[in-house]
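The chain contents come next:
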2 protein chains.
Amino acid sequence: MNDTRIHMIHERFRSVVALAVRLEQTPRSFGTDENLTSSEIHLIEIIGDNAEALSVTDLSKVLGVTKGAVSQNLKRTENKGLTLKIEDPQNSSRAIVKMTAKGKTAYFAHKHWHETMDGGFKEFFLNLKPERIDFLIDFLAKLETFLKKALM
Amino acid sequence: MNDTRIHMIHERFRSVVALAVRLEQTPRSFGTDENLTSSEIHLIEIIGDNAEALSVTDLSKVLGVTKGAVSQNLKRTENKGLTLKIEDPQNSSRAIVKMTAKGKTAYFAHKHWHETMDGGFKEFFLNLKPERIDFLIDFLAKLETFLKKALM
DNA sequence: TTATAAGAGTATAGCTACTAAACACATAGG
DNA sequence: CCTATGTGTTTAGTAGCTATACTCTTATAA
C-alpha cells in the first residue's frame, strides 16, 4: 500500500534501537567520582534489588552470563570501591557480594535516574487512549515474535 | 492511569531492543562457507551498494568509524576470501576495495535475506488502518526524541 | 573413612569491535 | 626541493564476553 510510510517506520525503528543501544553503553557517573559502564551499574542494580545474600554464581544466573564474567566485573567494581566480597559463614567456598556506602550511592542515584526516565515514559502514555496502548502492546509483541523468528 | 500496561510496554520494548541487538551480533553464513559477523557483512553491503570505487578512507567515512577499524575489518574479509584491495592507478597511495565472486555471493544472499525480512515487515503493516500507521510513526518519533534527551 | 564427584570462585587466553597514536609511504603545493 | 597533507597499516589499549583449566571446599557414596 504505502511503501514510504512503512519504510519510515522501519527506519525510525532502526534509529530507536541504535539510540537505546548507545544509551545502554554510555558510561555515566551516578553520584560518585567513578564512571560506571552499563554492566557495572547493572551488577550494582541487582545486588541492591536483592535483600538476600547473593554469591558470584547467583549473580551469574540472574545476569545470564558465566561466573567468570561476573568475577571479572566484580573485580572492577571492587577496584572502584563499590562492592566487596565476604566469606559465607556457612560455606567457606562461597563468597557473598556486598555493597559499600559508595556502591549504595551509585545504586540510589541510578534508581532515581530510572524513576525520572520511567516518569517521562509514563507521562507520554497518560494522554493516550486505552485502545492505542493495547495496540502498542500488540505491535511490540508481534515485533518480538518476528525478531525471534529471524533469529532462527 | 494504568501502570501495569505502561510497564508492559516498557518491558516489551526492552525485550525488542535486546532481540534486535542479538540479531545484529549473531554471525551468519550468507551462502558461503564462512560465518560473517555484522560488521563484516555491513562492509560487504556498502562495497556492493556503491558502484564507484571506494577506498579505505571512503569506507571509514560511510561507516562512521576510523580508517584503522576499516583496515582491520578488511583484513578479516580478505582472509575469508570476500574482498581484495587493488592499487588506484591514479594514486598509488590509495587502495580500491573490490569484492571477489565469493564476496558477491555473500552480498546477494544478504540482500535477499533483507528483502525477506522487509517483506515480513511490510505484510504486517498491510492490514493496519492508515491512522494506526501514523500513530506508530508518531510514537517512534517521540521515543526517539525521548532517548536523545536521555543521552543528554 | 576415605576417595571421588560436584560446586564455588579465579585466572588466562581468545574473540569482536572499536579508538588513538605512531608509523610508512605517496602526492600536492609553495 | 621540501614540507604539509592524505592514505593505509600496525600496535596497544578498552569493554565485554566465552571457554578452559585450575584451586579449594563441601557433599556423597562405598
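In the block above lies the structure referred to throughout.
This section reports on the structure supplied with the text. Not measured: the values here are computed from a predicted model.

Considerations on the protein's contact with DNA strand C
In step 1: Around DNA strand C sit 23 residues, and of these T57, K67 and A95 of chain A together with T37 and S92 of chain B come closest.
In step 2: Taking all atoms of DNA strand C within 4 Å of the protein, the share assigned to sugar and phosphate is 69%.
In step 3: Within the backbone of V56 of chain A, a nitrogen or oxygen atom sits 3.4 Å from a phosphate oxygen of DNA strand C.
In step 4: Between R76 of chain B and DNA strand C, the recorded distance is 3.0 Å, taken from a side-chain N or O atom to a phosphate oxygen.
In step 5: Every element with two or more residues in the surface near DNA strand C is listed here: α3 (56-63), α4 (67-79) and β2 (91-99) of chain A together with α2 (38-49), α4 (67-79) and β2 (91-99) of chain B.
In step 6: Along the lines of polarity and charge, the residues of the surface near DNA strand C split into four nonpolar, 14 polar and five charged.

Some thoughts on the pairing of strand β1 (residues 83-88) of chain A
All names here are of chain A.
In step 1: Of the strand pairs in this sheet, β1 and β2 are connected by six bridges, and their pairing is antiparallel. Each bridged residue has a counterpart across the sheet, and for I86 the counterpart in β2 is I96.
In step 2: The hairpin formed by β1 and β2 contains two residues between the paired strands.

With respect to the pattern of salt bridges
In step 1: For the structure on display, the rule yields 18 salt bridges over all chains.
In step 2: In this structure, the salt-bridge partner of R76 of chain B is E40 of chain B, at a minimum N-O distance of 3.1 Å. One end of the pair, R76 of chain B, is in helix α4; the other, E40 of chain B, is in helix α2, with 36 residues separating them in the sequence.
In step 3: A relative accessible area of 1% places E40 of chain B in the buried class.
In step 4: In this structure, K80 of chain B and E40 of chain B form a salt bridge, with 2.8 Å as the shortest nitrogen-oxygen distance. In this pair, K80 of chain B is assigned in the loop between α4 and β1 (83-88) and E40 of chain B in helix α2, connecting sequence segments 40 residues apart.
In step 5: Connected through shared salt-bridge partners, D33, E34 and K102 of chain A make up one network.

Digging into the relation of the copies chain B and chain A
In step 1: Note on the copies: chain B fits chain A at an RMSD of 0.3 Å, the axial shift is 0.2 Å, and the rotation between them is 179 degrees. Taken together, the rotation and translation describe the operation of a two-fold axis. Relative to the rotation axis, the C-alpha of V17 of chain B is the closest in chain B, positioned 2.9 Å from it.

Details of the packing of helix α2 (residues 38-49) of chain A against α4 of chain A
All names here are of chain A.
In step 1: Packing of α2 against α4 leaves a shortest axis separation of 10 Å and a crossing angle of 90 degrees. Between α2 and α4, the angle falls in the class roughly perpendicular. Contacts from S39, E40 and L43 of α2 reach α4 at N73, L74, R76 and T77.
In step 2: Here the contact of α2 with α4 is built from residues that sort into two nonpolar, three polar and two charged.

Focus on the environment of L63 of chain A
Residue and element names in this part refer to chain A.
In step 1: With respect to the secondary-structure elements, L63 resides in helix α3.
In step 2: Residue classification places L63 among the partly exposed residues on the basis of a relative accessible area of 25%.
In step 3: Taking the C-alpha atoms as reference points, L63 and L43, 20 residues apart in sequence, are found 8.1 Å from one another.
In step 4: The residues touching L63, leaving out its near neighbours within four places in the chain, are H42, L43, I46 and V70.

Regarding the side chain of T77 of chain B
Residue and element names in this part refer to chain B.
In step 1: Position of T77 among the secondary structure elements: in helix α4.
In step 2: Classification of T77 by relative accessible area gives buried; the value is 0%.
In step 3: A distance of 2.9 Å separates polar atoms of two side chains, one belonging to T77 and the other to T83.
In step 4: Here T77 is in contact with E40, L43, L82 and T83, once residues within four sequence places are set aside.

Examining unusual backbone geometry
Residue and element names in this part refer to chain A.
In step 1: At F30, a position not held by glycine, the phi torsion is positive, near 50 degrees.
In step 2: Of note, F30 is situated in the loop between α1 (3-24) and α2.
In step 3: Judged by its relative accessible area of 8%, F30 is buried.

Description of the protein's contact with DNA strand D
In step 1: Taken together, 24 residues form the shell around DNA strand D, and within it R76 and S92 of chain A together with T57, K67 and A95 of chain B come nearest.
In step 2: Close to the protein, within 4 Å, the atoms of DNA strand D belong to sugar or phosphate groups at a rate of 67%.
In step 3: Between T37 of chain A and DNA strand D, the recorded distance is 2.9 Å, taken from a side-chain N or O atom to a phosphate oxygen.
In step 4: Q72 of chain A is positioned such that a nitrogen or oxygen atom in its side chain is 3.0 Å from a base oxygen of DNA strand D.
In step 5: Counting residues per element, the ones that place at least two in the surface near DNA strand D are α2, α4 and β2 of chain A together with α3 (56-63), α4 and β2 of chain B.

Comments concerning the layout of surface pockets
In step 1: Taken as a whole, the largest pocket holds about 1,000 Å³ of empty space.
In step 2: Lining of the largest pocket is provided by 37 residues; of these, A20, E24, S38 and H42 of chain A together with R14 of chain B occupy positions nearest its centre.
In step 3: Looking at the lining of the largest pocket, the elements with two or more residues in it are α1, α2 and α5 (101-126) of chain A together with α1 (3-24) and α6 (130-150) of chain B.
In step 4: Its residues assigned to classes, the lining of the largest pocket comprises 18 nonpolar, 12 polar and seven charged.
In step 5: Within this model, the second largest pocket holds a volume of roughly 890 Å³.
In step 6: Along the wall of the second largest pocket there are 31 residues; nearest its centre are R14 and V17 of chain A together with A20, V21 and E24 of chain B.
In step 7: Taken together, the elements giving at least two residues each to the lining of the second largest pocket come down to α1 and α6 (130-150) of chain A together with α1, α2 and α5 (101-126) of chain B.
In step 8: A per-element tally of the lining of the second largest pocket places α1 of chain A first, with seven residues.

About the cut-offs
- Along each chain, numbering runs from 1 in the same order as the chain's sequence is written.
- Working convention: letters from A go to chains and numbers from 1 go to ligands, in the order in which they are written.
- Predicted model: local features are reported for residues with pLDDT of at least 70 only, side-chain atom pairs are reported and counted for 80 or more only, and whole-chain, interface and lining totals are derived from all residues.
- Working from all heavy atoms in the structure, the side-chain values ignore hydrogens and water.
- Proximity is defined per residue: any heavy atom of the residue falling within 4 Å of a molecule or strand makes that residue near it.
- Polar contacts, as used here, are pairs of N or O atoms within 3.5 Å; protein pairs need one atom able to donate a hydrogen and one able to accept it. Residues neighboring in sequence count only if both atoms are side-chain atoms.
- Secondary structure elements are taken from DSSP: a helix is a run of H or I of four residues or more, a strand is a run of E of two residues or more, and numbering for both begins at the N terminus.
- In this classification, Asp, Glu, Lys and Arg are treated as charged, Ala, Val, Leu, Ile, Met, Phe, Trp, Tyr, Cys and Pro as nonpolar, and every other residue, Gly included, as polar.
- In this scheme, strands are said to pair when DSSP sees at least two bridges between them.
- Every case where a carboxyl oxygen of Asp or Glu lies within 4 Å of a side-chain nitrogen of Lys or Arg is listed as a salt bridge.
- A simple rule labels every residue: compare its accessible area, found with a 1.4 Å probe on the protein chains alone, to the largest value its type can have, and call it buried under 20%, exposed over 50%, or partly exposed in between.
- Least squares is used to superpose the copies, and the fit set is the C-alpha atoms of residues whose pLDDT is at least 70 in both copies.
- With axes taken as lines fitted to C-alpha atoms, and helix axes fitted only over the stretch in contact, angles between N-to-C directions fall between 0 and 180 degrees.
- Any angle that falls under 35 degrees is termed roughly parallel, while one over 145 is termed roughly antiparallel, one within 65 to 115 roughly perpendicular, and all others oblique.
- Pairs of residues are marked as contacts when any of their non-hydrogen atoms sit within 4.5 Å.
- Lining residues are those with an atom within 4 Å of a point, where the points come from a 1 Å grid over the protein atoms alone and group into cavities, where a 1.4 Å probe fits but cannot get out, or pockets, open sets with protein on both sides within 12 Å along at least five of seven lines.
- Grid points are joined across faces, edges and corners, and a volume is the space filled by probe spheres set on the points.

Treat this as a map of the structure, not an account of what it does.
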